Amino acid sequence: MENFMAQFTVCNTKSCLQSSVSLINCMNETVEPCEDFYEFACGMFETNYPYYSNTNENSWVTIMSLKIKHRVKKFLNKKNEIYEPNAVHKTRKFYQACLNSTEDQVSINYDPLWNVWEKVGLNTEYLNDSVPLEIETILARVKLYFNLDIFFEINVDDDPRNSSSHSLLIIAQNWESNKYKRRNNIKTNKGDINDSLPKFSEYFSLLVEKLLNRDQPYLRKLKVKDLKNTTNELEEFEEEFLEVQRKTFSSNNEIPEVVTLGEFQNFTDTVGETFKFNWTLYLKELTRDIQPKIYEILSSENADSYELLVNNRDYLNDAFKLLSQTPTIIIKMSILTQVLTILESHFPSGDKFNSEHCFLLTSEFFGMVTGYSMINTLDNSSKAALTEMTDNIKWALRKMVNDASWMDDETKNATLRKLNNTKTFFGYPDNYENIINNLLENLTVTDNHIENILSTSMFITESNFKYLTEDRDWENQTWAITPDEVNAYCYNSMNAFFMPAAILQAPLFNNGVQALNYGATGSTIGHELSHNYDNTGRMYNELGNVAQWWSNRSYEEYTKRASCLISHYNDIDVVSHNKTFAVNGQQTLDENIADIVGLKEAYYAYQRYVDVHGQEPRLPGMERYSHEQLFFLGYANQYCYYDEGDSQFDDFNSHSPNVVRVRGVLSLSPEFAKAWSCPIGSPMNPKKEKCKICCPACPAVINVIALDHLIVNCLLDISLSTLSTRIPN
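Fair warning: this is a prediction, and the values are worked out from it, not measured in the lab.

A. Region of the structure containing the packing of aromatic side chains. Taken as a whole, this structure holds 46 aromatic pairs when the rule is applied. Judged by centre distance (6.1 Å) and plane angle (45°), the ring pair of W406 and W550 falls under tilted. Of this pair, W406 sits in the loop between helix 19 (380–403) and helix 20 (409–421) while W550 sits in the loop between helix 23 (514–530) and helix 24 (552–570), placing them 144 residues apart in sequence. Comparing W406 with W550, the two get one shared label, buried. Among the aromatic residues, those joined into a cluster by ring pairs are F37, F40, Y518, Y603, Y604, Y606, Y609, Y625, F631, F632, F672 and W676. One cation-aromatic arrangement involves K73 over F359; the distance from NZ or CZ to the ring centre is 5.4 Å.

Structure (structure tokens):
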């Protein structure tokens, strides 16, 4: 024992001690690591880390997010300091005005809301048959004044042909998967629409009076859900609309297609049959005040030639077909309920509008400024470590590209060129103060919460649409993800990836030894870096423009290898709460390959780190584990998770369940099998026949080792659209 202990030193820093405690609290060391590494690494997580939120789930992301939330709340409640950016003072003023409105709902001046309500045109007369549905005008004003999308989402996105210019983007409402859950409405016999309409109109009128502070005490318990429950027909329409969203949801984020306004008008006219939506009228109403240059184009004879970006035609096709089959009065009701839902959630009404509600609103509207609470959370040594880690991971990827036998020289050279131009952003912007001050320069915040909600909503819409006529300043890029969000994402049209400060905290970073840091943060960097070379990312060149830069031969070889991995994951079933769930190999393909490749990049990057710096000390209380074993423990530990609701198994989740991201990925890694001495035939190092994958496009049988090298050479495939985010765990 003395000779064994003499071979290494032990790290006794605070970070190392904390890492040991964290790992030990999660591990179930009664389980053999070669039998089930997820249970070995995470088996005690549920026992030792009880619920940290009001939901029946927990994870390191949840725990870290709640710690960050506490930090942000303290930041918002601080007194203003003269040295702070003016944007911070505006944000605190917004937060305080909201808090004041929760305490004194009676004396608030609701006139600004009443003025906007009249402009939008949603009064009780609107429900009469004699009043036509001017849907283009109403939806445009709802977007303008409340920043609310109904039936379709409209936003501004980078032109895929030239990322420095911008076009209008019309897409389906790609809600998060948990929003696709079917509501368990209890149907009652409410009669037909003619019988239901008077009750709906009465409730609607009362709700408007309530939300405009004209309510009486007996109205305080009235909610929008009561409005929805007045008619079966409205519930049935919303269920059908949700079904359209579920049916046409695509986790493979395709590049939007460029079409002219005339072509798009013809498309929706054709599929909508009896439902005609005048896009020119809608866009003119939306841009008249906030984008006069675009309004002028739309008012000219050349309006039909104006170019748009369209995403997910299948959704738009089915949505407009449904709208064409729906009575006008039901469409009117649906618009009303959606607008009232937003008003109810944003304006003081009842006991549920409290300080927590104000915090959520402030984070929603001013997330880039609340992220300023993370300033200085990364010291110079952390920044240097992240830079070196990224350099090592890029080195590993560069080596993998050079070693890929299936890639021709043309594709290799283009890939390496893109890698050399890839930009990385950690923590928060270097010129953070200037960015947030410029961001809010033209926003006025008052002591009236009603005014603030309306002005901020319209300000956000205006800010998004300004890039229709202005080139984005990439040097002062405002992050699409805020520094206080525990997340990471890739930005294809910028050829960059971002890791905010919130995710660069223990136990995912600053773990005392680099073996753990490379296993967790390093694999995430590799994961996000891979997004630039996936089914979507591979279409963007080093400038962030969509172009053909892979050779046809390399693409064909790539496709063959990807199909094999789909088959492998399709054979995986997961048991949770006595229910069996099947993994969808096609839907999770992109994330699966990114997990595998990102881990391999991080592993070889860590070996390079050791070559330069020498062996690290071991962790106290865990001296029996080598650095290679700690690396894989760090990787697995980030996925410790439990959820009573099994939300990981949602049909629309593009990630494999966490247990698969540990068991499945590590069972394909010969480096893992070697580090843990897993015998061939064990669950974490299965025999050749364990991983037979038969498919017409690739060799009939591929064993674990062959598949592993195939995946490495396969390079990368993890779907990510230009502006979407991906949570690494």
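B. Quick look at the packing of helix 8 (residues 135–146) against helix 22 (residues 449–465). Where helix 8 meets helix 22, the axes come as close as 6 Å, and the angle between the chain directions of the two elements is 105°. Of the possible angle classes, the one that applies to helix 8 and helix 22 is roughly perpendicular. Of the residues in helix 22, those in contact with K143, L144, Y145 and F146 of helix 8 are L454, S457, M458, T461 and F465. Tallied by class, the residues present in the contact of helix 8 with helix 22 amount to 6 nonpolar, 2 polar and 1 charged.

C. Geometry of the state of the cysteines. Inspection of every chain in the model, using the stated rule, returns 4 disulfides. Disulfide partner of C34: C678, at an S-S distance of 2.1 Å. The sign of the -90° torsion about the S-S bond sets the C34-C678 disulfide as left-handed. Here C678 lies in the loop between helix 28 (670–675) and helix 29 (704–713) and C34 lies in the loop between helix 2 (14–26) and helix 3 (37–42), a separation of 644 residues in the sequence. On the basis of relative accessibility, which here comes to 7%, the residue C678 falls in the buried class. C98 shares a disulfide with C358; S-S distance 2.1 Å. One quick way to see it: the torsion about the S-S bond of C98 and C358 is about -85°, and its sign makes the bridge left-handed. One end of the pair, C98, is in helix 6 (residues 86–103); the other, C358, is in helix 17 (residues 355–365), and 260 residues separate them in sequence. C358 carries the same exposure label as C98, and that label is buried. Note on C26: no disulfide assigned, nearest cysteine sulfur contributed by C640 at a separation of 4.3 Å.

D. Fine view of the confidence of the model for the protein. The share of residues in the protein with pLDDT of 70 or more is 86%, and the mean pLDDT across the chain is 84. Note that pLDDT drops below 50 for residues 176–189; the model gives that stretch 27 contacts with residues more than four away or on any other chain. Taken as a whole, residues 689–729 scores under 50 in pLDDT and shows 151 contacts with residues more than four places along the chain or in a different chain.

E. Focus on the sheet that holds strand 8 (residues 496–500). Pairing is mixed in the open sheet, where 3 strands are placed in the order 6-8-7. Edge positions in the sheet fall to strand 6 (423–427) and strand 7 (489–491), since each has one partner strand and no second. Between one strand and the next, the sheet's axes are offset by a mean angle of 20°, whatever the strand orientation. Against the sheet, helix 23 engages strand 6, strand 7 and strand 8, with an angle of about 150° to strand 8.

F. How the structure looks around helix 26 (residues 627–637). Of all 11 residues in helix 26, 10 are buried, a share of seventy percent or more. Of the positions making up helix 26, those classed as buried are H627, Q629, L630, F631, F632, L633, G634, Y635, A636 and N637.

G. Just the pattern of salt bridges, in detail. If you walk through the whole model with that rule in mind, you get 18 salt bridges. Note that R161 and D159 form a salt bridge whose closest N and O atoms lie 2.9 Å from each other. Judged by relative accessible area, R161 falls into the partly exposed class, the value being 44%. We note a salt bridge from R246 to E243, for which the minimum N-O separation is 3.0 Å. Separated by 3 residues within a single helix, R246 and E243 lie in helix 11 (residues 232–248), roughly one turn from each other. Among the residues examined, R246 registers a relative accessible area of 11% and is labelled buried.

H. Representation of the environment of L504. On the secondary structure map, L504 appears in the loop between strand 8 and helix 23. Here L504 falls in the buried class, since its relative accessible area comes to 0%. As for L504 and L378, which are separated by 126 residues in sequence, their C-alpha atoms are 8.2 Å apart. If sequence neighbours within four positions are ignored, L504 has contacts with L378, L386, F426, G427, M499, F509, N510 and T521.

I. Structural view of the nonpolar core. F37, F151, I335 and W676 are the most contacted members of the largest nonpolar core, which has 214 residues in total. Ranked by the residues each element gives to this core, the list is headed by helix 25 (residues 589–613), at 11 residues.

J. Molecular detail of the packing of helix 12 (residues 261–272) against helix 15 (residues 313–324). At a minimum axis separation of 8 Å, helix 12 and helix 15 run at an interaxial angle of 50°. One way to sum up the angle between helix 12 and helix 15 is to call them oblique. For the element pair helix 12 and helix 15, the recorded crossing hand is right-handed. Where helix 12 approaches helix 15, its residues F264, F267, T268, V271 and G272 are matched on the opposing element by R313, L316, N317, F320, K321 and S324. A class-by-class count of the residues in the contact of helix 12 with helix 15 yields 5 nonpolar, 4 polar and 2 charged.

K. Highlighting the side chain of T456. Topologically, T456 is positioned in helix 22. In this structure T456 comes out as buried when scored by relative accessible area, which is 2%. A distance of 2.6 Å separates the side chain of T456 from the backbone oxygen of N452, its partner in a polar contact. Those residues in contact with T456 that lie beyond four places of it in its chain are F94, F365, F366 and L443.

Cut-offs and rules
- Residues numbered from 1 in each chain as written.
- Predicted model: local features only at pLDDT ≥ 70, side-chain atom pairs only at ≥ 80, totals over all residues.
- Heavy atoms only, no water.
- Phe/Tyr/Trp six-rings, centres within 6.5 Å; stacked < 30°, edge-to-face > 60°.
- Helix = DSSP H or I, 4+ residues; strand = E, 2+ residues; numbered from the N terminus.
- Buried < 20%, exposed > 50% of the residue type's maximum accessible area, 1.4 Å probe, protein only.
- Lys NZ or Arg CZ within 6 Å of the ring centre and 35° of its normal.
- Axes fitted to C-alpha atoms, helices over the stretch in contact; angles between N-to-C directions.
- Parallel < 35°, antiparallel > 145°, perpendicular 65-115°, else oblique.
- Contact = heavy atoms within 4.5 Å.
- Nonpolar A, V, L, I, M, F, W, Y, C, P; charged D, E, K, R; others polar.
- Disulfide = S-S within 2.5 Å.
- pLDDT = per-residue confidence, 0-100.
- Pairing = 2+ DSSP bridges.
- Salt bridge = Lys/Arg side-chain N within 4 Å of Asp/Glu carboxyl O.
- Core = buried A, V, L, I, M, F, W, Y, C linked by side-chain atoms within 4.5 Å.
- Left-handed = near helix turned anticlockwise from the far one by under 90°.
- Polar contact = N/O pair within 3.5 Å; in protein donor to acceptor, adjacent residues only side chain to side chain.

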